[in-house]
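So the chains spell out like this:
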Amino acid sequence: MSSSPTFTRKAFASSILLWMRDGVPREQSMARWKGPHSLIITASPGQDEYRQLHLAENSPGRWPAIEGVETLIPADRRIDGIAEVTFQSVIAPLGGRKQTAQAYADEIHNFRRTLLYAGPPYSTRWYHVGDPTSQTRARLFILLRRRDGVSTRAFRRYLRNRFVPTLAQTGILTELRTQVFMKWNRALWNSPNVAHDNPESEQFHASVILGFADAAARDAFLEGAATSVDADLAAHASAVHAYDMTAYRYKRDGVMLPSIED
């Protein structure tokens, strides 16, 4: 069994999967999310980091085909973006209830569906991979669905002890982050006037973010290392949805830090 890579921190985080409004140009909704909506989120106290993950439009699914695994993303469930919030502590979300109420009210201006996935405290991990001075100019966002019959404990153990170490040892990554999710609960994020339909058969159980020096390195990974990353992936996951993505990182009051890809 591969030894696990070292992680720079164990964080407490949540991710909200987002679908942009119908009847409005996608770029208009994405721009409003990137601008005015960010002011609401970043005003919340207790955040360590807020990132907007903008996913490639019309992505068919970037992960190489695996027999018995859904790697082609169904068009009607294709995600537009993810709001990724990392908190300073377990109780930090309680201090942002005012901003949460404002976000609820504002969602209708941008989104038609929103789904919050939360992980157990400090189960999010940011790993040390590659040269710490290297820049990340291309990324993949990956959602994993646990296969029926595989227990939550076995799935998480597989990710930690097999999948992540194999990814790290490819030697090509500049960033590696993982989140494991608790069972999805609509009550955690049930904003009005926005859809939250999420059948159990379509729910996810973990996400992985991979960073690369450039798009060429990302493509080379997908054409080579990803095809043999782990023969046990199909035994543990029934779906692997991979998107090209661009990440935007913010500090307080909606001020965007220099683009991570620039």
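Preceding this paragraph is the structure being described.
Throughout, residues of each chain are indexed from 1 in the direction in which the sequence is written. Since the coordinates come from a predicted model, pLDDT governs what is reported: local features require at least 70, and pairs of side-chain atoms require 80 or more to be given and counted, while whole-chain, interface and lining totals use all residues. Excluding hydrogens and water, the side-chain values take into account all heavy atoms of the structure.

*Asks:* How should I be thinking about the packing of aromatic side chains in this particular structure?
*Replies:* Two measures describe an aromatic ring pair: the distance that separates the ring centres and the angle between the ring planes. Pairs were defined over the aromatic rings of Phe, Tyr and Trp, the Trp ring being its six-membered one, requiring ring centres within 6.5 Å. Orientation was assigned from the angle between planes: stacked under 30 degrees, edge-to-face over 60, tilted for the rest. Applying the stated criterion to the full structure yields ten aromatic pairs. Plain terms: the ring middles of F12 and Y122 are 6.5 Å apart, the flat faces sit at 55° to each other, and that makes the pair tilted. Here Y122 lies in the loop between strand 4 (111-118) and strand 5 (124-127) and F12 lies in strand 1 (residues 7-20), a separation of 110 residues in the sequence. Throughout, exposure labels follow a simple rule: accessible area from a 1.4 Å probe, protein chains only, divided by the maximum for the residue type, with under 20% read as buried, over 50% as exposed, and the rest as partly exposed. On the basis of relative accessibility, which here comes to 11%, the residue F12 falls in the buried class. Taken together, a centroid distance of 6.5 Å and an interplanar angle of 50° make the contact between W63 and F163 tilted. In this text, helices come from DSSP runs of H or I with a minimum length of four residues, and strands from runs of E with a minimum of two, each type numbered from the N-terminal end.

*Asks:* It is not clear to me how the packing of helix 1 (residues 26-42) against helix 2 (residues 97-106) should be interpreted in this structure. Could you clarify?
*Replies:* Geometry of a packed helix pair, given as the angle between the helix axes and the separation of the axes. Helix axes are fitted to C-alpha atoms over the stretch in contact, other axes to C-alpha atoms as well, and angles between N-to-C directions run from 0 to 180 degrees. The interhelical angle for the contact between helix 1 and helix 2, taken along N-to-C directions, is 150°, at an axis separation of 9 Å. The orientation of helix 1 relative to helix 2 falls into the category roughly antiparallel. Of helix 2, the residues touching helix 1 (which contributes R32, H37, I40 and I41) are Q99, Q102, A103 and D106. Amino acid classes used here: Ala, Val, Leu, Ile, Met, Phe, Trp, Tyr, Cys and Pro are nonpolar; Asp, Glu, Lys and Arg are charged; the rest, including Gly, are polar. Along the lines of polarity and charge, the residues of the contact of helix 1 with helix 2 split into three nonpolar, three polar and two charged. Any angle that falls under 35 degrees is termed roughly parallel, while one over 145 is termed roughly antiparallel, one within 65 to 115 roughly perpendicular, and all others oblique. Residue contacts are defined here by distance: any two heavy atoms, one from each residue, within 4.5 Å place the two residues in contact.

*Asks:* Help me understand unusual backbone geometry in this model?
*Replies:* As a rule of thumb, non-glycine residues mostly have phi less than zero, and peptide bonds are mostly trans rather than cis. Phi angles above zero are rare outside glycine, and N58 is one such case at about 60°. Judged by its relative accessible area of 54%, N58 is exposed. Within the chain, N193 stands out as a residue other than glycine whose phi angle is a positive 65°. Within the element layout of this structure, N193 appears in the loop between strand 7 (175-180) and strand 8 (206-212).

*Asks:* Honestly, empty space enclosed by the protein in this entry has me stumped. Any pointers?
*Replies:* Any empty space left between the atoms is revealed when a probe the size of a water molecule rolls over them. Only protein atoms enter the 1 Å grid, on which a cavity is a set of points fitting a 1.4 Å probe that cannot get out and a pocket is an open set with protein on both sides within 12 Å along at least 5 of 7 lines, lining residues being those with an atom within 4 Å of a point. Grid points are joined across faces, edges and corners, and a volume is the space filled by probe spheres set on the points. By the definition in use, this model includes one cavity of 30 Å³ or more. For the largest cavity, the calculated volume is near 70 Å³.

Limitation: the analysis is restricted to geometry and does not speak to function.
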